[in-house]
Amino acid sequence: MNRFLLTIFLMNVFWSAGHGQSVPNKQTSPIRIGERLTYLGELNRIVRGIDIGEMTFSVVPEEASGSAVILSEAKSRGSLTALLRFSFLQRYASYVSLDGKRAIRTTKYDAQRERVRESDALFSYEKNSVTFIEKNPKNPNAPPRTIASELDGDTHDIITAIFFLRGAPLKVGNSFEVPVSDSGLVYRIPVRVTGKEYQKTYLGRVLCVRVEPDVFGAGRFIEQKGSMVIWITDDERRIPVRSQIKTEMGRLEIKLKSYSMPTIQSAK
């Protein structure tokens, strides 16, 4: 349950699409320095909705490497903590190329109830590998858990994948396959663009592209029955505004709570 809820909230707010030759060549960078997005998640079961958490993304420059860093924090709130007695806090620092095409490094702090882990994933495209190292800060003498996997071209972590989608051309009828590395393993996620629909959102009533990632099922990222739909604004902003995930536990709704992007002023 722990990995399921956290993965749903972190990854399935909205998923990435587009990789390799299956994606149209033309795309713009989804990395926008200074952008900040906040989302709320609610699990709807038989009678009432259960607040499960809040997640915030902030994009900042990484001057030393000439890349960018997506800082993200997901934390439990409301009924998840009060009624279900389950709490979590995850902080990611996802280093990503400025064109948004590949993850470079991912550091993570993961606290679930009393369990705490710290991890570091390094993507080496020269060696075509990703190496994941996880430590228990409460037991510094314990040997770290290390997993290495082979890479086949540009790959994302959970967070950079979210942003990569925003730069890919989304045309109804297109299908994609996305390479994503999580905890040292690499998954290829099929994604379909299935339509356009208007949604009532924090930004108002906006036309959105409907995207359906196939992450559930045997041998997939989440080995449970379920389905997912993501809505992304059909304009130059490409803001993910809503995600709906149906599972055996209930229906999870994740919606945009706030959005800000500083205005860049030209020098006089």
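Residues numbered from 1 in each chain as written. Predicted model: local features only at pLDDT ≥ 70, side-chain atom pairs only at ≥ 80, totals over all residues. Heavy atoms only, no water.

Draft legend 1. Spotlight on the packing of aromatic side chains. Counted under the stated rule, the structure contains 3 aromatic pairs. An angle of 75° between the planes, with centres 5.7 Å apart, marks the rings of F57 and F163 as edge-to-face. Placement of the pair is F57 in strand β2 (residues 49-62) and F163 in helix α3 (residues 158-167), with a sequence separation of 106 residues. The two residues F57 and F163 agree in class, both being buried. Taken together, the ring pairs connect Y39, F57 and F163 into an aromatic cluster. (Phe/Tyr/Trp six-rings, centres within 6.5 Å; stacked < 30°, edge-to-face > 60°. Helix = DSSP H or I, 4+ residues; strand = E, 2+ residues; numbered from the N terminus. Buried < 20%, exposed > 50% of the residue type's maximum accessible area, 1.4 Å probe, protein only.)

Draft legend 2. Quick look at unusual backbone geometry. Notably, R113 is not glycine yet its phi reads approximately 55°, a positive angle. Positionally, R113 belongs in the loop between β5 (103-112) and β6 (115-124). The phi angle at S183 is positive, at roughly 55°, despite the residue not being glycine. Turning to its location among the elements, S183 is positioned in the loop between β9 (175-182) and β10 (185-201). Judged by relative accessible area, S183 falls into the partly exposed class, the value being 23%.

Draft legend 3. Inspection of the side chain of T155 at higher detail. Along the chain, the position of T155 falls in the loop between β8 (145-150) and α3. When neighbours within four sequence positions are excluded, T155 is seen to be in contact with R102, A103, F123, Y125, P179, V180 and S181. (Contact = heavy atoms within 4.5 Å.)

Draft legend 4. Looking closely at the pairing of β10. Here β9 runs beside β10; their pairing, made up of 8 bridges, is antiparallel. Along β10, the bridge assignment pairs S181 with V186. Hairpin connection, β9 to β10: the antiparallel pair is bridged by 2 residues, and S183 has positive phi, about 55°. The pairing of β10 with strand β11 (residues 204-213) spans 10 bridges and is classified as antiparallel. By the bridge assignment for β11, V191 is matched with P213. Counting the residues between successive antiparallel strands, the hairpin from β10 to β11 contains 2 residues. (Pairing = 2+ DSSP bridges.)

Draft legend 5. Region of interest: α3. Counting buried residues in α3 gives 10 out of 10 residues, a clear majority hidden from the surface. All of the buried residues in α3 are I158, I159, T160, A161, I162, F163, F164, L165, R166 and G167. Sitting at the amino-terminal end of α3 is D157, which places a side-chain oxygen 2.9 Å from the backbone nitrogen of I159. (Polar contact = N/O pair within 3.5 Å; in protein donor to acceptor, adjacent residues only side chain to side chain.)

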